[in-house]
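The chain contents come next:
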Amino acid sequence: MTPAPDMRALFDARDPDRYDLHSRHLNNQMVRVLKTIGFDARFTRGLGAHLWDASGARYLDLVSGWGVFAIGRNHPHVAAALKTVLDGELPNLVQMDVSPLAGALAERLLARAPWLQKAFFANSGAEAVEASIKFARGATGRAGIVFCEHSFHGLTYGALSAVGDKLYRGDFGPTLPNFQEIPFDDLAALERALRLRNVAAFLVEPIQGKGVNMPSPDFLKQAHALCRKYGTLLIADEIQTGLGRTGKFFAIEHFGVEPDLVLLAKGLSGGHVPIGVVLTRKEIFAKVFDRMDKAVVHGSTFAKNDLAMAAGLATLDVIESEKLVENAARRGERLLGFLRGLVAKHELAADARGLGLMLTLELGEPRSLKLRAFWTLLESMNRGLMCQLITIPLFKDQKILVQVAGHGSRAIKLLPTLTLDDADCDWIERAFAATLAAAHESSGPVWSLGKTLIEGSRAAARA
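Residues numbered from 1 in each chain as written. Predicted model: local features only at pLDDT ≥ 70, side-chain atom pairs only at ≥ 80, totals over all residues. Heavy atoms only, no water.

What follows deals with the overall build of the protein chain. A count of helices and strands for the protein chain gives 18 helices and 15 strands. Expected size for 463 residues packed as a compact globule is a radius of gyration near 23 Å; at 23 Å, the protein chain falls within 12% of this value. C-alpha extents for the protein chain along the principal axes are approximately 70 × 65 × 45 Å. The burial tally for the protein chain puts 52% of its 463 residues in the buried class. Long-range pairs, those at least 24 residues apart, make up 69% of the contacts in the protein chain between residues at least 6 apart in sequence. Carbon together with sulfur atoms contributes 55% to the accessible area of the protein chain, which is approximately 21,200 Å² in total. Distance between charge centres in the protein chain, computed from 54 positive and 50 negative side chains, equals 4 Å. (Helix = DSSP H or I, 4+ residues; strand = E, 2+ residues; numbered from the N terminus. Rg over C-alpha atoms; globule rule 2.2 N^0.38 Å. Buried < 20%, exposed > 50% of the residue type's maximum accessible area, 1.4 Å probe, protein only. Contact = heavy atoms within 4.5 Å. Areas by Shrake-Rupley, 256 points an atom, 1.4 Å probe, with all protein chains shown as cover. Lys, Arg positive; Asp, Glu negative; His and termini not counted. Charge placed at Lys NZ, Arg CZ, Asp CG, Glu CD.)

Right, let's talk about the pairing of strand E1 (residues 43-47) for a bit. Alignment of E1 against strand E2 (residues 50-53), held across four bridges, turns out to be antiparallel. Bridge pairing in E2 places Arg45 opposite Trp52. Where E1 folds back onto E2 in an antiparallel hairpin, the turn is made up of two residues, including Gly48, whose phi is positive at roughly 60°. (Pairing = 2+ DSSP bridges.)

A few words on the nonpolar core. Generally speaking, a soluble globular protein has its nonpolar side chains buried in company with each other. Counting 101 residues, the largest nonpolar core has Leu109, Phe121, Phe202, Leu279, Ile400, Ile428 and Phe432 as its most contacted members. Sort the elements by how many residues they give to this core and helix H13 (residues 306-321) lands first, with nine residues. When near neighbours in sequence (up to four residues on either side) are disregarded, Ile400 contacts Tyr59, Leu60, Leu62, Leu394, Phe395, Trp427, Ile428 and Ala431. In terms of nonpolar packing, the next biggest core, distinct from the first, is built from 27 residues, Val129, Ala139, Leu261 and Phe289 among them. (Core = buried A, V, L, I, M, F, W, Y, C linked by side-chain atoms within 4.5 Å.)

Our next topic: empty space enclosed by the protein. As enumerated under the stated definition, the model contains one cavity of 30 Å³ or more in all. What the largest cavity holds in volume is close to 60 Å³. Lining the largest cavity are Gly67, Ala70, Ile239, Gln240, Gly242, Leu243, Arg245, Ala265, Lys266, Gly267 and Leu418. Each residue belonging to the lining of the largest cavity can be placed in one class, and the counts come to five nonpolar, four polar and two charged. (1 Å grid on protein atoms, 1.4 Å probe; cavity = no way out; pocket = protein on both sides within 12 Å on 5 of 7 lines; lining within 4 Å. Points joined across faces, edges and corners; volume = space filled by probe spheres on them. Nonpolar A, V, L, I, M, F, W, Y, C, P; charged D, E, K, R; others polar.)

A few words now on the packing of aromatic side chains. Going through the model one piece at a time under the given rule, you end up with twelve aromatic pairs. Ring centres of Phe135 and Phe285 lie 6.0 Å apart, and the angle between their planes is 85°; this geometry places the pair in the edge-to-face category. One end of the pair, Phe135, is in helix H7 (residues 125-140); the other, Phe285, is in helix H12 (residues 282-288), and 150 residues separate them in sequence. Residue Phe135 is classed as buried on the basis of its relative accessible area of 1%. Both rings, one in Phe135 and one in Phe289, keep their centres 6.0 Å apart while their planes meet at 80°; by these two values the pair is edge-to-face. Of this pair, Phe135 sits in helix H7 while Phe289 sits in the loop between H12 and H13, and the two are 154 residues apart along the sequence. (Phe/Tyr/Trp six-rings, centres within 6.5 Å; stacked < 30°, edge-to-face > 60°.)

Moving on to the environment of Leu160. Here Leu160 shows up in helix H8 (residues 157-160). A relative accessible area of 3% means that Leu160 is categorised as buried. Between the C-alpha atom of Leu160 and that of Leu176, which follows or precedes it by 16 residues, the distance is 8.6 Å. Look past the residues within four positions of Leu160 in its chain and what remains in contact with it is Gly154, Leu155, Tyr168, Arg169, Phe172 and Thr175.

We now examine the sheet that holds strand E8 (residues 233-237). Strand order in the open sheet formed by seven strands is E4-E10-E9-E8-E7-E5-E6, and the pairing between neighbours is mixed. Each edge of the sheet is formed by a strand with only one pairing partner; in this case those strands are strand E4 (118-122) and strand E6 (179-182). Neighbour-to-neighbour, the strand axes of the sheet open up by a mean angle of 20°, direction not taken into account. The pairing of strand E5 (residues 144-148) with E6 spans four bridges and is classified as parallel. The residue of E6 that forms the bridge with Val146 is Gln180. Its contacts with the sheet place helix H11 (residues 219-230) against strand E7 (199-204) and E8, and it is angled at close to 170° to E7. (Axes fitted to C-alpha atoms, helices over the stretch in contact; angles between N-to-C directions.)

The side chains of a regular strand alternate between both faces of the sheet. What you see with strand E15 (residues 411-414) is no split at all: Ala411 and Lys413 on one side and Ile412 and Leu414 on the other are buried throughout. Across four bridges, the pairing between strand E12 (residues 358-363) and E15 is antiparallel. Considered in E15, the bridge of Leu359 is made with Leu414. Relative to E15, strand E14 (residues 403-404) runs antiparallel, the two sharing two bridges.

Another point: a nonpolar patch on the surface. On the surface, a cluster of nonpolar side chains totalling about 290 Å² of accessible area is made up of Tyr157, Phe172 and Leu176. Looking at Phe172, the relative accessible area reads 44%, which means it is partly exposed. (Patch = residues over 30% accessible without salt bridge, like charges linked within 9 Å, V, L, I, M, F, W, Y side chains within 5 Å. Salt bridge = Lys/Arg side-chain N within 4 Å of Asp/Glu carboxyl O.)

Relative to the elements of secondary structure, Glu347 occurs in the loop between helix H14 (324-345) and strand E11 (349-355). No salt bridge forms around the buried Glu347; measuring N to O, its nearest opposite-charge neighbour Arg367 is 4.6 Å away. Among the polar contacts listed, one links the side chain of Glu347 to the backbone nitrogen of Ser368, at a separation of 2.9 Å. Setting aside anything within four residues of it in sequence, one finds Glu347 in contact with Gly364, Pro366, Arg367, Ser368, Leu371 and His440. (Polar contact = N/O pair within 3.5 Å; in protein donor to acceptor, adjacent residues only side chain to side chain.)

What follows covers the environment of Gln208. Topologically, Gln208 is positioned in the loop between E7 and H11. A residue is classified by how much of its surface remains accessible, and Gln208, at 2% relative accessible area, is buried. C-alpha of Gln208 to C-alpha of Glu238: the two residues are 30 residues apart in sequence and 9.7 Å apart in space. With sequence-adjacent residues up to four places away left out, Gln208 is seen in contact with Cys148, Glu149, His150, Ser151, Phe184, Asn213 and Met358. A distance of 3.0 Å separates a polar atom in the side chain of Gln208 from a polar atom in the side chain of Asn213.

What follows deals with the side chain of Thr360. Positionally, Thr360 belongs in strand E12. Polar contacts involving the side chain of Thr360 include one to the main-chain carbonyl oxygen of Ile412, which spans 3.0 Å. Beyond its immediate sequence surroundings of up to four residues, Thr360 is in contact with Gly211, Val212, Leu339, Asp351, Ala352, Arg353, Ala411, Ile412 and Lys413.

Given below as structure tokens:
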């Protein structure tokens, strides 16, 4: 028998070549981005909320793989569950059979949404969105899909057609017909869109992930009432907000809404095996799969594979046993209070918002003349550049990995693991306090970095 490959050894052996390998064979523009902003740290290990680079320095990860690592990196319970699948010689993906693990995971997820009765598994969040669009059209006999400005639902064609950011759609048009964009949190616009009774579904994130944009307290509830009035289904995209992220298992629980379809993915993977799921009402499911010859009218080859199902089951174990939903609520309340304190103290900080461990600090044009001139110059070069002058020193000096909330955004987004403890929160507060204070000092490192970026931009323009 051929010896099993040692992937740790292979990782370590090829690690010095990682950026060259990606530049030659994968996305060289991503490598350019990392090197330009100084994020080419060569991470070599991850555990829980933390990462270690090639020099052994430890970082606090506030990106968590875009929310994939809700229960932290390399959780031993998930790793052990996956090992039992591999060692158990399970009859995986027989196709002309059904898996007990898929049934068990569906049962546990639906118990969290007792108004829904059916589950459909997919390989990713984007696939779950695609399935929900098909289900809505199949169940209603209508073509229209309404979505919101600034939304993000994925990058496959159906999902992309409902993305409210022109950066992602610009080079790939035309997107699918019968998709209509409305402002987020605008009930009047929603009613105008639904009034012709040709809309299959309103697809909406309870809290928009790109900017952590919050709805009005009654928006989702009234939106659902409008959907009922006009025969439209409500699809809640909880791919980023679900599984405890906002301090409730579903974000919709904050707003008292029971949508017709709920989408989950990201954190359900345990960080190991991609998975997505559509939870829906049985009458919707029954209209799609309404005859035996239509049992395979929609599906995906790997969607119910035993490794993904095991990862989902083990992830739910961890969320429940470690009380991560409650932890997200508690740590999030503390951090949101801290961020609001920064807004009260610093003129560059304009707003802080979010729920649980889905938070953002938004920057805004300062009042003082010198700061405002610096802001204006940076923003004239690239909208949102001031945010990078915060995220870069947070990374380099404070060992905090954090992201700008979206293309052209003026918001810094915190999307950490749900396992944060008091020491992690202390670290975040020290780092943000020091970096925001430095951003207001004209002789500080943030201003030096800004001047370097300005000079580099001018040199590039001259070339």
